[in-house]
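Listed here are the chains, written in short residue letters.
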Amino acid sequence: MQQKNINILAIESSCDETAAAIICNGKIISNVIASQSIHQLYGGVVPELASRAHQQKIIPVVNQALADANLSKAELDAIAFTQGPGLLGALLVGACFAKALALGLGIPLIAVHHMQAHILANFIEEPQPSFPFLCLTISGGHTQLILVNNYTSMQLLGETQDDAVGEAFDKIAKIMDFSYPGGPLIDHYAQYGNPKKFDFPTTTMPGLDFSFSGIKTAFLYFVRKNMQKNPKFIIENQADICASIQHTLIQMLLTKVKAAMAQTGVNTLALAGGVAANQGLRKALTQLAEKESWQLFIPAVAYCTDNAAMVAMAAHYQYLNQEFANLKTNVSPSISI
Ligand code: KG4
Ligand code: ZN
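Since this is a predicted model, take the numbers as computed values, not measurements. The residue numbers shown here count from 1 along each chain, following its written sequence. In the order they appear in the text, chains get letters beginning with A and ligands get numbers beginning with 1. Only residues with pLDDT of at least 70 are given local features in this predicted model, and only at 80 or more are side-chain atom pairs given and counted; all residues enter the totals for whole chains, interfaces and linings. Water and hydrogen atoms play no part in the side-chain values, which are based on all heavy atoms of the structure.

(A) Structural context of empty space enclosed by the protein. We place a 1 Å grid over just the protein atoms. Points where a 1.4 Å probe fits but has no way out form a cavity, open points with protein on both sides within 12 Å along at least 5 of 7 lines form a pocket, and any residue with an atom within 4 Å of a point lines it. Grid points are joined across faces, edges and corners, and a volume is the space filled by probe spheres set on the points. For the structure shown, the criterion picks out one cavity of 30 Å³ or more. Approximately 40 Å³ is the volume found for the largest cavity. Throughout, the ten residues Ala, Val, Leu, Ile, Met, Phe, Trp, Tyr, Cys and Pro are labelled nonpolar, Asp, Glu, Lys and Arg are labelled charged, and all others, Gly among them, are labelled polar. Among the residues forming the lining of the largest cavity, the class breakdown is four nonpolar, three polar and two charged.

This is the structure in structure tokens:
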């Protein structure tokens, strides 16, 4: 007898992407994302505008995900949503929508941890890491080193004590007057520049923790000093500045990765989160992994930045463990892993 398909609809609304995906028996069959361009006008995500944009986009995005998967709502077996961390209002839109739909359809609800979902993006496509492995999880809000024991058990080994590395990329880009989010633009210009042209002081934190607020301030003073001497300093040195600051940020990450690999004794490293889309970092880690004989796993760029396929992947494993939420489950803007 043929087994019934298990179809889970997953919704992601933690920040400025409204996304929905459907997973059928562990395989992603649709993945839709609507980015909110409104924030570019303000140089960063405006929480209230994010919530309103989620409200406008959530129904068309979910309908598109169902249409792409060729499924009706009645064929869904569970609804998953991002519980946190993220922006309170933004999370609430996804959670309320998911709860209403699950209640209406009489099917279970699954609450997913956004950072666990980023890590499980490594299981969307082949090849996939085997447990245990170390994951460097780097986004606009987080910079973490996590020991991943299995699909649902993860241990935080170290994290940033102030700004996240994605935040540092974006704030540094803003100092150069780049539009938001500036991380991808720094990455783009860095390809054409000399990474050794400029030096920036870095802060070393004890153990496996990070700090990125100092380098952002050092960068601000560096730009001010040079612009006083030459008002065209940024425009004339754009590629070299981007390559040098990106190189410094990457080295700060790599130093802690090496320490964490040595401390845990694991031989497998994975990357996750929006900053994992950075081409310079992907290249540097590939070279380091080859030198150290580590197995390295990096999700496709579309699965590094916020998306609902990763939420669907996490929901799949929670469904198998029968880990269900209920209508009283609250969103949690600063939930830890
Ligand atoms: O994971 P994500 O999409 O959203 C959060 O959960 O925060 O990460 C967004 C962050 C932003 O800071 C963005 O600038 C950064 O990821 N980012 C990049 C690149 N692509 C996205 N940073 C550097 N290089 C990139 N190519
Ligand atoms: Zn994220």
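There is more to say after this.
(B) Region of the structure containing the pattern of salt bridges. What makes a salt bridge here is a side-chain nitrogen of Lys or Arg within 4 Å of a carboxyl oxygen of Asp or Glu, nothing more. This structure, assessed with the given rule, holds six salt bridges. Among the ionic pairs, Lys 197 bridges to Asp 240, the shortest N-O distance being 3.4 Å. Highlighted residues: Lys 197 in the loop between helix 5 (183–190) and helix 6 (213–229) and Asp 240 in helix 7 (residues 233–264), separated in sequence by 43 residues. Residue Lys 197 is classed as partly exposed on the basis of its relative accessible area of 41%. Buried means the residue's accessible area, taken with a 1.4 Å probe over protein chains only, is under 20% of the maximum for its type, while exposed means over 50%, and partly exposed covers the values in between. With a relative accessible area of 18%, Asp 240 lands in the buried category. Salt bridges sharing partners connect three or more residues here, namely Asp 163, Glu 167, Lys 171 and Lys 216. Secondary structure elements are defined from DSSP: runs of H or I of at least 4 residues count as helices, runs of E of at least 2 residues count as strands, and each element is numbered from the N terminus.

(C) Region of the structure containing the site of ligand 1. Note on terminology: near, applied to a residue and a molecule or strand, indicates that one of the residue's heavy atoms is within 4 Å of it. Around ligand 1, the surrounding shell holds 18 residues, and the nearest of these are Gly 140, Asp 170, Asp 187, Asn 278 and Asp 306. Contact between ligand 1 and Gly 183: a nitrogen atom at 3.5 Å from a main-chain N or O atom of the residue. In this structure, an oxygen atom belonging to ligand 1 sits 3.0 Å away from a main-chain N or O atom of Gly 274. Relative to its unbound accessible surface of 550 Å², ligand 1 loses 89% to contact with the protein. For a molecule to be placed in a cavity or pocket, more than half of its atoms must lie within 2 Å of the grid points of that cavity or pocket. A molecule is said to occupy a pocket when more than half its atoms come within 2 Å of that pocket's grid points, and by this definition ligand 1 occupies the largest pocket. Listing elements by their share of the shell around ligand 1, those giving two or more residues are helix 3 (114–120), helix 4 (165–175) and helix 5. The residue inventory of the shell around ligand 1, partitioned by class, reads five nonpolar, 10 polar and three charged. Contacts described as polar in this section are N or O atom pairs within 3.5 Å, which, within protein, must combine one atom able to donate a hydrogen with one able to accept it, while residues neighboring in sequence count only if both atoms come from side chains. Here the open area of atoms and residues is found with the Shrake-Rupley method and a 1.4 Å probe, where only the protein chains shown may cover a residue.

(D) The arrangement of the layout of surface pockets in detail. There is about 1200 Å³ of room inside the largest pocket. Taken together, 44 residues form the lining of the largest pocket, with Asp 16, Gly 140, Asp 170, Tyr 180 and Pro 181 sitting closest to its centre. Elements supplying a minimum of two residues to the lining of the largest pocket: strand 3 (27–35), helix 3, helix 4 and helix 5. Its residues assigned to classes, the lining of the largest pocket shows 14 nonpolar, 21 polar and nine charged. Domain ranges listed in this record stem from an automatic or a database domain assignment. Each of domain 1 (7–119 + 305–320) and domain 2 (127–298) gives at least three residues to the lining of the largest pocket. Quantified by volume, the second largest pocket comes out at close to 350 Å³. Taken together, 15 residues form the lining of the second largest pocket, with Pro 195, Gln 246, Ile 250, Gly 280 and Lys 283 sitting closest to its centre. Secondary structure elements with two or more residues in the lining of the second largest pocket: helix 5, helix 7 and helix 8 (279–292). Residues belonging to the lining of the second largest pocket are distributed by class as follows: five nonpolar, eight polar and two charged.

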